[in-house]
Amino acid sequence: MARNPNARSRDMIISLAVIAIPIILIMALFTRTPEEKAEPVDLGPFLGRAVAESSYPVLTADGLGEGWLPVRAAWAKKGQRWITAEPALGNSWQVGYLSPDQIYYGVLQRDAAGEELIRSNTREGKEIGEPVSLAGREWVRYESKDGRTVSLVNAQGDVTTVVSADTDFTQLEAFTSTLVENPPAG
């Protein structure tokens, strides 16, 4: 029986295909990451509790338009467990919205430890420019060291509010102008 001189090459290519095709399929199936969809949060229970227990008006956005989603809300009285798993340094309110272009806008308020709130939520930002008047309040502009995050800070008495996003001041100020006060119940 005569031997085929090309048999070794052909057999090697077939063997390689038999091994490579399943590996490629496995890699394709397990390396794909599904697109994460943000789940909206019902602000009602959080806002109701904050309004009932707060001594200051808590802020929420109103009239943002189509495509905006509330994606985070939290309230804790001083000493209760906060979102960091540590006790809240003061009566603390947080609400966050995701814009149609997937930018997170966060609003944080607290009636104690204002300097720490500013430092941590502006990403150790520095005050820049002139204050701006929006939503019936005076806001001071802050920018993080790396320039990625911009913030607006308002301090009224013991209550400090920080509004932040990884965007520009024009967009952040447009968002901040939609904020409305929800006065405390008591």
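Provided above is the structure to which this section pertains.
All of the points below concern the structure found in this document. (Residues numbered from 1 in each chain as written. Predicted model: local features only at pLDDT ≥ 70, side-chain atom pairs only at ≥ 80, totals over all residues. Heavy atoms only, no water.)

1. A closer look at the overall build of the protein chain
When its secondary structure is counted, the protein chain shows four helices and 10 strands. Starting at the N terminus and ending at the C terminus, the protein chain contains elements arranged as α-α-β-β-β-β-α-β-β-β-β-β-α-β. For 186 residues, the compact-globule estimate of 2.2 N^0.38 gives 16 Å, and the C-alpha radius of gyration of the protein chain, at 26 Å, exceeds that figure by more than 25%. On the principal axes, the C-alpha backbone points of the protein chain span a range of 100 × 35 × 35 Å. Total accessible area on the protein chain stands at roughly 11,500 Å², and carbon and sulfur atoms take up 56% of it. Where the 18 positive side-chain charges of the protein chain centre and where its 24 negative ones centre are 12 Å apart. (Helix = DSSP H or I, 4+ residues; strand = E, 2+ residues; numbered from the N terminus. Rg over C-alpha atoms; globule rule 2.2 N^0.38 Å. Areas by Shrake-Rupley, 256 points an atom, 1.4 Å probe, with all protein chains shown as cover. Lys, Arg positive; Asp, Glu negative; His and termini not counted. Charge placed at Lys NZ, Arg CZ, Asp CG, Glu CD.)

2. Let's talk about helix α3 (residues 114-121)
Every buried residue of α3 is accounted for by G114, L117 and I118. Projected down its long axis, α3 carries its buried residues within an arc of 95°, all on one side. On its buried face, α3 is in contact with β4 (104-110), β7 (137-143), β8 (150-156) and β9 (159-165). Phi for R123, located one or two positions after α3, is positive at around 55°. (Buried < 20%, exposed > 50% of the residue type's maximum accessible area, 1.4 Å probe, protein only. Arc of directions from axis to C-beta. Contact = heavy atoms within 4.5 Å.)

3. A look at the nonpolar core
Among soluble globular proteins, nonpolar side chains are generally buried collectively. Counting 28 residues, the largest nonpolar core has W93, W139, F175 and L179 as the members making the most contacts within it. Counting six residues, the second largest nonpolar core, distinct from the first, contains L108, Y142, V153 and V162. (Core = buried A, V, L, I, M, F, W, Y, C linked by side-chain atoms within 4.5 Å.)

4. Section: the environment of L117
Mapped onto the elements of the fold, L117 is located in helix α3. On the accessibility criterion, L117 (4% relative accessible area) is buried. Put simply, L117 and T161 are 44 residues apart on the chain and 8.4 Å apart in space, counted from C-alpha to C-alpha. When sequence neighbours within four positions are dropped, the list of residues in contact with L117 reads L108, Q109, R110, T160 and V162.

5. With respect to helix α2 (residues 43-53)
All of the buried residues along α2 are L43, L47, A50 and V51. Along the axis of α2, the buried residues cluster in a sector spanning 95°; they form a single face. Exposed and facing more than 90 degrees away from the buried side of α2 are P45 and A52. In this structure, the buried side of α2 is in contact with β1 (58-61), β2 (69-76), β3 (92-98) and β10 (179-182).

6. Side note on the pattern of salt bridges
The full count for this structure, using the stated rule, is nine salt bridges. Across the pair R110 and E116 runs a salt bridge whose closest N-O atoms are separated by 2.6 Å. What makes R110 buried here is its relative accessible area of 6%. A relative accessible area of 29% places E116 in the partly exposed class. Its salt-bridge partner being R137, residue E181 comes within 3.0 Å of it at the nearest N-O pair. Of this pair, E181 sits in strand β10 while R137 sits in strand β7, and the two are 44 residues apart along the sequence. (Salt bridge = Lys/Arg side-chain N within 4 Å of Asp/Glu carboxyl O.)

Function-wise, these values are silent; they only describe arrangement.
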